[in-house]
Amino acid sequence: MIAFTANCLYTPLERVEQPLLLVEDHVIVEAGSRASRQIPHGVRLVDFGDAILAPGFVDIHIHGGAGHDLMVADSSGLSAVEQLLFQHGVTSYFPTTVTAPLEQTWSALDRLANAIESASRDGSRGDRAQPLGIHLEGPFLSHIRRGVHPPENLLLPTLPAFDRFWQAARGHIRIMTIAPELEGAHEVIAEAALRGVCVSLGHSDADLNSARAAVAAGARHATHTFNAMRPLDHRDPGIIGEVLTDSRLSADIIADGIHLDPTIVELFLKAKGADGAVLITDAISATGMPEGRYRLGTFEVEVKNGRCLLGGKLAGSVLTMDRAVRNVMQFAHWDLQQALRLATLNPARVVGFPNRGRLEAGAEADFVVLSPDGDVRSTIVRGEVSEAVSRS
């Protein structure tokens, strides 16, 4: 057993002063305060001093990092991405596809399924984030709102096509972005929801009625709200009108100050609130790397001044999750505890992992050690502590 202490802990719903977090066999067995509990004799003690303990970040939309694209990354490339995520407080992630030729997509899904299954068998993760499931972004997207997804590889949604993706991923698809106005979309939404997939509306030119019908069919989330979506209009609210007003839908944003103006971030958070908002990075292979040209699926993206561009269009980001949390604090004037929920509890709930994104008895011992300003000092995956952390 290991005992972790610090100045305070965010569950994230509650604040615990002078916390005592007991971990055994990679699981939290007790989370409380030292004021009401003695540190058990014989346990290994790790004291993080004036720091804050919070659940490890969960990124449900990421395409790569550290120079590696997740559509083609081998085991060493995946390890590099996972180490970069770990450095920025992410303990769990959902590798995300981008529209590509079918054979390439099927191959990527098989390779990512192998990584997920290997991670679940591996008793030691060390300094790496863990892949929990796959986010299928494309090919069931709108041509009008495709962003940089290659138009020649977009498909109308059909049950056989979805099942082929499902089989290639061996059931590890946990979230799927789809444009609900496409012919056949509602049938695929219903089937995916039946299989436990979080169906997310995105890359869409849907009007209000089509979006509402998709929610009735089983959709319950929205992908990078405002981006690659029919714009909000005061007489034609469209898909964004549904996303912002329907409490049955959670929704995510890319809070990098580039994809959305800070005022829109604040507006979004007021509309969805602490319960319905989620942060994503949409990070690509350029994340953590110098400016230059980097791969995203089948094409190259130019990265300059923090912007990832292809033909003048934004193509993912170089955002990290710890920066996204701090940006919410700055843009919307939220405190750290409020902002943390958007990167921990909420995304874990969206993808159906109740043992992640929270610090309580029975949860996986994944957490991040933060400064009062939200800077990452250490990251702990499955309760495993390096010697460097032990000496801190």
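Scroll up to find the structure.
Residues numbered from 1 in each chain as written. Predicted model: local features only at pLDDT ≥ 70, side-chain atom pairs only at ≥ 80, totals over all residues. Heavy atoms only, no water.

### Let's talk about the overall build of the protein chain
Along the backbone of the protein chain there are 11 helices and 24 strands. Scaling as 2.2 N^0.38, a compact globule of 392 residues should have a C-alpha radius of gyration of about 21 Å, and the protein chain matches this with 20 Å. Seen through its C-alpha atoms, the protein chain measures out along the principal axes to roughly 65 × 45 × 40 Å. The buried share among the 392 residues of the protein chain stands at 58%. Contacts in the protein chain between residues at least 24 apart in sequence constitute 69% of all its contacts with a sequence separation of at least 6. As presented, the protein chain carries roughly 14,900 Å² of accessible surface, and 49% of it is formed by carbon and sulfur atoms. Placing the 35 positive and 47 negative side-chain charges of the protein chain at their respective mean positions leaves the two points 0 Å apart. (Helix = DSSP H or I, 4+ residues; strand = E, 2+ residues; numbered from the N terminus. Rg over C-alpha atoms; globule rule 2.2 N^0.38 Å. Buried < 20%, exposed > 50% of the residue type's maximum accessible area, 1.4 Å probe, protein only. Contact = heavy atoms within 4.5 Å. Areas by Shrake-Rupley, 256 points an atom, 1.4 Å probe, with all protein chains shown as cover. Lys, Arg positive; Asp, Glu negative; His and termini not counted. Charge placed at Lys NZ, Arg CZ, Asp CG, Glu CD.)

### A look at the pattern of salt bridges
Enumeration over the complete set of coordinates arrives at 20 salt bridges. Here Asp 110 and Arg 170 are joined by a salt bridge, their closest N and O atoms 2.7 Å apart. Of this pair, Asp 110 sits in helix H2 (residues 102-121) while Arg 170 sits in the loop between helix H3 (159-168) and strand E14 (173-178), and the two are 60 residues apart along the sequence. Note that Asp 163 and Arg 195 form a salt bridge whose closest N and O atoms lie 2.9 Å from each other. Within this pair, whereas Asp 163 is found in helix H3, its partner Arg 195 is found in the loop between helix H4 (185-194) and strand E15 (198-201), the two being separated by 32 residues in sequence. For Arg 195, a relative accessible area of 28% gives the class partly exposed. Because the salt bridges share partners, they merge into one network encompassing Asp 110, Glu 117 and Arg 170. (Salt bridge = Lys/Arg side-chain N within 4 Å of Asp/Glu carboxyl O.)

### Re the layout of surface pockets
If you add up the space inside the largest pocket, you get close to 310 Å³. Along the walls of the largest pocket sit 20 residues, with Gly 147, Val 148, His 203, Ala 228 and Leu 314 positioned nearest its centre. Looking at the lining of the largest pocket, its residues break down into seven nonpolar, eight polar and five charged. Within this model, the second largest pocket holds a volume of roughly 200 Å³. Lining the second largest pocket are 14 residues, and of these Ser 75, Leu 78, Asn 114, Ala 115 and Ser 118 lie nearest its centre. At the level of secondary structure, the elements contributing two or more residues to the lining of the second largest pocket comprise helix H1 (75-87) and H2. (1 Å grid on protein atoms, 1.4 Å probe; cavity = no way out; pocket = protein on both sides within 12 Å on 5 of 7 lines; lining within 4 Å. Points joined across faces, edges and corners; volume = space filled by probe spheres on them. Nonpolar A, V, L, I, M, F, W, Y, C, P; charged D, E, K, R; others polar.)

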